[in-house]
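What follows is the residue order along each chain.
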Amino acid sequence: MRYIENRAEQQTSGPAAYSGSSDRLVRAQEDRRLLERYHHDADPGAREALVERFLPLARQLARRYQRAGEPLDDLIQVASLGLLKAIERFDPARETAFSSFAVPTILGELKRHFRDKGWSVRVPRDLQELAVKVDRVGEEMGRELGRAPSPGEIGQRVGATPEQVLEAREAAGAYRAVSLDRPRNEEDDEGELADAFGTEDHGFAVAEDAATVERLMRVLSEREREVLRLRFEEDLTQSEIGEIVGVSQMHVSRLIRQSIARLRTEAEER
């Protein structure tokens, strides 16, 4: 029985596996001959043949990095440039397969494209790469799960924390800049996107200053606070303040100077 199983396994998988392995070996040998012809003999025909053989690989890698708003043709051009650089830089004396060298070279060129030319706002390199990865993995997991994956689920797949995933998604918003002059929506011909933004409200600064002054005023006595209120809120003269609190104008002037000095010292200490 064991003999029959072994024979069946050899008949179903042995020849096909051997044939596939043989084809790959022949292809690798032909790739190396073309590389040697190009690097040793400067044969442009060998370079064109290599480009033709590995262009499908470049297209496949370009599709992996395709995202909304990024034309696939542009990415294929970038990947093709990476393929040409890999052909130029590869040393035929190396024992590794050319594809093992070409793939990281092409991916590096694609990542450099996104980092240097694709982003409208400068974003750290590691965050750019994580944003691209999160976008791609999110789409893949959405198809697998039939729903939108959570930041935690994406983080487990890409090796990041949920907070890093959220930060990467927020950074992805800096990839494309939008003109403030464009309509807010396709059906709105009058309103522009800039109309949706608020203007600077100076009242916030006034409120913050008032809160700061109120906190600092606690270091003054009740009479000192009243003198300052009459002077700066009611806009009374020092003589009028003196009549209200029952002191001389000179005393009012001294109280104001001393109170302001104490407030300034308190503010500097805080």
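I will try to describe carefully the structure that is included in this document. (Residues numbered from 1 in each chain as written. Predicted model: local features only at pLDDT ≥ 70, side-chain atom pairs only at ≥ 80, totals over all residues. Heavy atoms only, no water.)

Overview of the overall build of the chain
Within the chain, the secondary structure is distributed over 11 helices and zero strands. Along the chain, helices and strands appear, N-terminal first, in the series α-α-α-α-α-α-α-α-α-α-α. Within the chain, contacts between residues at least 6 apart in sequence are counted, and of these 52% link residues at least 24 apart. Of the roughly 18,300 Å² that the chain leaves accessible, carbon and sulfur atoms contribute 49%. (Helix = DSSP H or I, 4+ residues; strand = E, 2+ residues; numbered from the N terminus. Contact = heavy atoms within 4.5 Å. Areas by Shrake-Rupley, 256 points an atom, 1.4 Å probe, with all protein chains shown as cover.)

Some words on helix H9 (residues 222-232)
When we look at burial in H9, the residues that qualify are Glu224, Val227, Leu228 and Leu230. Down the axis of H9, the smallest arc covering the buried residues is 165 degrees, so these residues share one side. In this structure, the buried side of H9 is in contact with helix H10 (238-245) and helix H11 (249-269). (Buried < 20%, exposed > 50% of the residue type's maximum accessible area, 1.4 Å probe, protein only. Arc of directions from axis to C-beta.)

Re the environment of threonine 105
By the secondary structure assignment, threonine 105 is in helix H4 (residues 98-118). Taking the C-alpha atoms as reference points, threonine 105 and isoleucine 87, separated by 18 residues in sequence, lie 9.8 Å from one another. Leave out the neighbours within four places in its chain, and threonine 105 touches Gly82, Lys85, Ala86 and Arg89.

Examining the layout of surface pockets
Taken as a whole, the largest pocket spans an internal volume of roughly 320 Å³. Lining the largest pocket we find Ala210, Val213, Glu214, Leu216, Met217, Arg225, Leu228, Arg229, Phe232, Glu233, Ile260 and Leu263. Listed by contribution, the elements that provide at least two residues to the lining of the largest pocket are helix H8 (203-216), H9 and H11. Class assignment for the residues of the lining of the largest pocket results in eight nonpolar, no polar and four charged. In this structure, the second largest pocket encloses a volume near 200 Å³. Those elements that place two or more of their residues in the lining of the second largest pocket are helix H1 (2-41), helix H2 (44-64) and H4. With seven residues, H1 is the largest single contributor of residues to the lining of the second largest pocket. (1 Å grid on protein atoms, 1.4 Å probe; cavity = no way out; pocket = protein on both sides within 12 Å on 5 of 7 lines; lining within 4 Å. Points joined across faces, edges and corners; volume = space filled by probe spheres on them. Nonpolar A, V, L, I, M, F, W, Y, C, P; charged D, E, K, R; others polar.)

Examining H2
Residues that lie three or four places apart on an α-helix share one face, since the helix turns once every 3.6 residues. The end-to-end C-alpha separation of H2 is 30 Å, in line with the 30 Å expected for 21 residues at 1.5 Å each. Along H2, the helix axis deviates most sharply at phenylalanine 54, where the bend reaches about 45 degrees; the proline proline 56 sits within four residues downstream. Along H2, the positions that sit buried rather than exposed are Ala46, Leu50, Phe54, Ala58, Leu61 and Ala62. Capping the start of H2 is the job of one residue whose side-chain oxygen sits 2.9 Å from the backbone nitrogen of glycine 45: aspartate 43. (Expected span 1.5 Å × (residues − 1). Bend = angle between axes of the 7 residues up to and from the residue. Polar contact = N/O pair within 3.5 Å; in protein donor to acceptor, adjacent residues only side chain to side chain.)

Quick look at the pattern of salt bridges
Per the counting criterion, the structure on display carries 12 salt bridges. With its nearest N and O atoms 2.8 Å apart, the salt bridge here joins arginine 147 to glutamate 153. The closest approach of N and O atoms between glutamate 224 and arginine 262, which form a salt bridge, is 3.1 Å. Of this pair, glutamate 224 sits in helix H9 while arginine 262 sits in helix H11, and the two are 38 residues apart along the sequence. Glutamate 224 sits in the buried class, given a relative accessible area of 9%. On the basis of relative accessible area, arginine 262 is assigned to the partly exposed category, the value being 39%. (Salt bridge = Lys/Arg side-chain N within 4 Å of Asp/Glu carboxyl O.)

Describing the environment of glutamate 129
By the element assignment, glutamate 129 lies in helix H5 (residues 125-145). The class for glutamate 129 is partly exposed, based on a relative accessible area of 29%. Between the C-alpha atom of glutamate 129 and that of alanine 168, which follows or precedes it by 39 residues, the distance is 8.7 Å.

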